[in-house]
Amino acid sequence: MHVTPQQERDLIAIMQDAARAEILPRFRNLHADEISTKSHPGDLVTAADILSERRMTAAIPAVMPGAVVLGEEAISVDPALRDQIGLAATSVILDPVDGTWNFTKGVALFGMILAVAHREVPDFGVLFDPVAQDWVVAHAGQPTRFVTADGFSQSVHTSDERDPAKMTGFVPFEIMHRHHRQTVTAAMDGFASATALRCSCHEYRMIARGQAEFLISHHKPNPWDHAAGVVAVKGAGGVARFIDGEDYNVARPHGYLVSAASEEIWQMVADRFRFLQADAA
């Protein structure tokens, strides 16, 4: 069952409520005991992440009856939950604060991500900016929209840039395998900018809105980071596939995902970074 217009409104309202109650009051106001690490020192989690996810997880079943709700922080505590993604008839996948590193540093470059998947296929996504109170929303097979809290809404489209020297791309250099870094640096040469915002939410928003041309994922493409963005990029006229050519699905745990403004750019980026495929597992 596809997400209805009313469900879309209700899901966004749940995100807005969590932002007001748990995230924005803690922005630039975090206490030391509200910040901890997960897999490595740069992988941070805060009280805002945990409490906003709990709040949304409790509210979503009333809007999406029967859906399995799976959030990044719950999966961090119990990694076995990751295996449920792709199995449920309908799942709602949450990243309560995407860009937590930026959030903890007081940088207003973070977002909230919500995706709905049917089995392995993402069908709906919201890329929400709690600070600006606007969002990019996408339904599979429909045009992606940019929406503001005052009701403004417009369809968006990916970039039509064709000159690599004028392209911007996002490459997570700092979390790639160390033995690839020199080769990755060489592959980045020739683009106007190849950087990382440390926030998938805003990286995907920029590609969908025509402000950047491509994104390469980490070798573990967590669906809470990518599922909504894939729907948004495709709905805006772009392309998103794994670098080996396989279509994106939320269940696949390994493999470099390439999202691009067009098929032409996808092919160019995939060709440049094809060497990553050798150790995508």
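Preceding this paragraph is the structure being described.
Bear in mind the structure is a predicted one, so any value in this text is a computation, not a measurement. (Residues numbered from 1 in each chain as written. Predicted model: local features only at pLDDT ≥ 70, side-chain atom pairs only at ≥ 80, totals over all residues. Heavy atoms only, no water.)

Thoughts on the packing of helix H1 (residues 5–23) against helix H2 (residues 47–63)
So, step 1. Running from N to C, H1 and H2 cross one another at 150°; their axes reach a closest spacing of 9 Å. By the criterion of interaxial angle, the relationship of H1 to H2 is roughly antiparallel. When you trace H1 past H2, the crossing you get is right-handed. Taken together, the residues of H2 that come into contact with H1 (itself represented by Gln7, Asp10, Leu11, Ile14, Met15, Asp17, Ala18, Ala21, Glu22 and Ile23) are Ala48, Leu51, Ser52, Arg55, Met56, Ala59, Ile60 and Val63.
So, step 2. Per-class residue counts for the contact of H1 with H2 are twelve nonpolar, two polar and four charged. (Axes fitted to C-alpha atoms, helices over the stretch in contact; angles between N-to-C directions. Helix = DSSP H or I, 4+ residues; strand = E, 2+ residues; numbered from the N terminus. Parallel < 35°, antiparallel > 145°, perpendicular 65-115°, else oblique. Left-handed = near helix turned anticlockwise from the far one by under 90°. Contact = heavy atoms within 4.5 Å. Nonpolar A, V, L, I, M, F, W, Y, C, P; charged D, E, K, R; others polar.)

Focus: the sheet that holds strand E3 (residues 68–71)
So, step 1. Pairing within the open sheet is mixed, and its seven strands lie in the order E3-E4-E5-E6-E7-E8-E9. Of all the strands in the sheet, the pair left with one neighbour each is E3 and strand E9 (153–155). Across this sheet, the average inter-strand angle for adjacent strands is 20°, counted without regard to direction.
So, step 2. Of the strand pairs in this sheet, strand E4 (residues 91–98) and strand E5 (residues 111–118) are connected by six bridges, and their pairing is antiparallel. Each bridged residue has a counterpart across the sheet, and for Val92 the counterpart in E5 is Val116.
So, step 3. Sitting on the sheet, helix H6 (residues 200–208) is in contact with E4, E5, strand E6 (121–129), strand E7 (134–139) and strand E8 (145–148), with an inclination near 100° to E6.
So, step 4. With respect to the sheet, helix H7 (residues 223–235) is in contact with E4, E5, E6 and E7, its orientation differing from that of E6 by roughly 100°. (Pairing = 2+ DSSP bridges.)

Some points on the pattern of salt bridges
Pairing between side chains becomes possible if they bear opposite charge and their charged atoms approach one another.
So, step 1. Under the definition given, this model contains eleven salt bridges.
So, step 2. With a closest N to O distance of 2.6 Å, Asp17 and Arg55 form a salt bridge. Placement of the pair is Asp17 in helix H1 and Arg55 in helix H2, with a sequence separation of 38 residues.
So, step 3. A single network of salt bridges, built from pairs that share partners, joins Asp17, Glu22, Arg26, Glu34 and Arg55. (Salt bridge = Lys/Arg side-chain N within 4 Å of Asp/Glu carboxyl O.)

Looking at the nonpolar core
So, step 1. Residues Ile85, Ile93, Leu127, Tyr204, Tyr248 and Val250 are the most contacted members of the largest nonpolar core, which totals 34 residues.
So, step 2. Where this core is concerned, the elements lending two or more residues are E5, E7, H6, H7 and strand E13 (239–242).
So, step 3. With seven residues, H7 is the single largest residue contributor to this core.
So, step 4. The contacts of Ile93, once residues within four sequence positions are left out, are Leu70, Ile85, Ile113, Leu114, Ala115, Ala117, Pro223, Trp224 and Val250. (Core = buried A, V, L, I, M, F, W, Y, C linked by side-chain atoms within 4.5 Å. Buried < 20%, exposed > 50% of the residue type's maximum accessible area, 1.4 Å probe, protein only.)

Examining the side chain of Ser52
So, step 1. Structurally, Ser52 can be placed in helix H2.
So, step 2. Leaving out residues up to four positions away in the same chain, Ser52 has contacts with Ala18, Glu22, Ile23, Ala47, Pro96 and Val97.

What to know about the packing of aromatic side chains
So, step 1. Applying the stated criterion across every chain yields a total of seven aromatic pairs.
So, step 2. Seen in terms of ring centroids, Phe27 and Phe110 are 5.0 Å apart; in terms of plane orientation they differ by 55°. Their pairing is tilted. Separated by 83 residues along the polypeptide, Phe27 in the loop between H1 and strand E1 (35–37) and Phe110 in the loop between helix H4 (100–104) and E5 bring together distant segments of the chain. Per residue, the accessibility class of Phe27 equals that of Phe110, and both read buried.
So, step 3. Arg241 extends its terminal NZ or CZ atom over the ring of Trp266, reaching a point 4.0 Å from the ring centre. (Phe/Tyr/Trp six-rings, centres within 6.5 Å; stacked < 30°, edge-to-face > 60°. Lys NZ or Arg CZ within 6 Å of the ring centre and 35° of its normal.)

It is worth stressing that arrangement in space is one thing and function is another; only the former is reported here.
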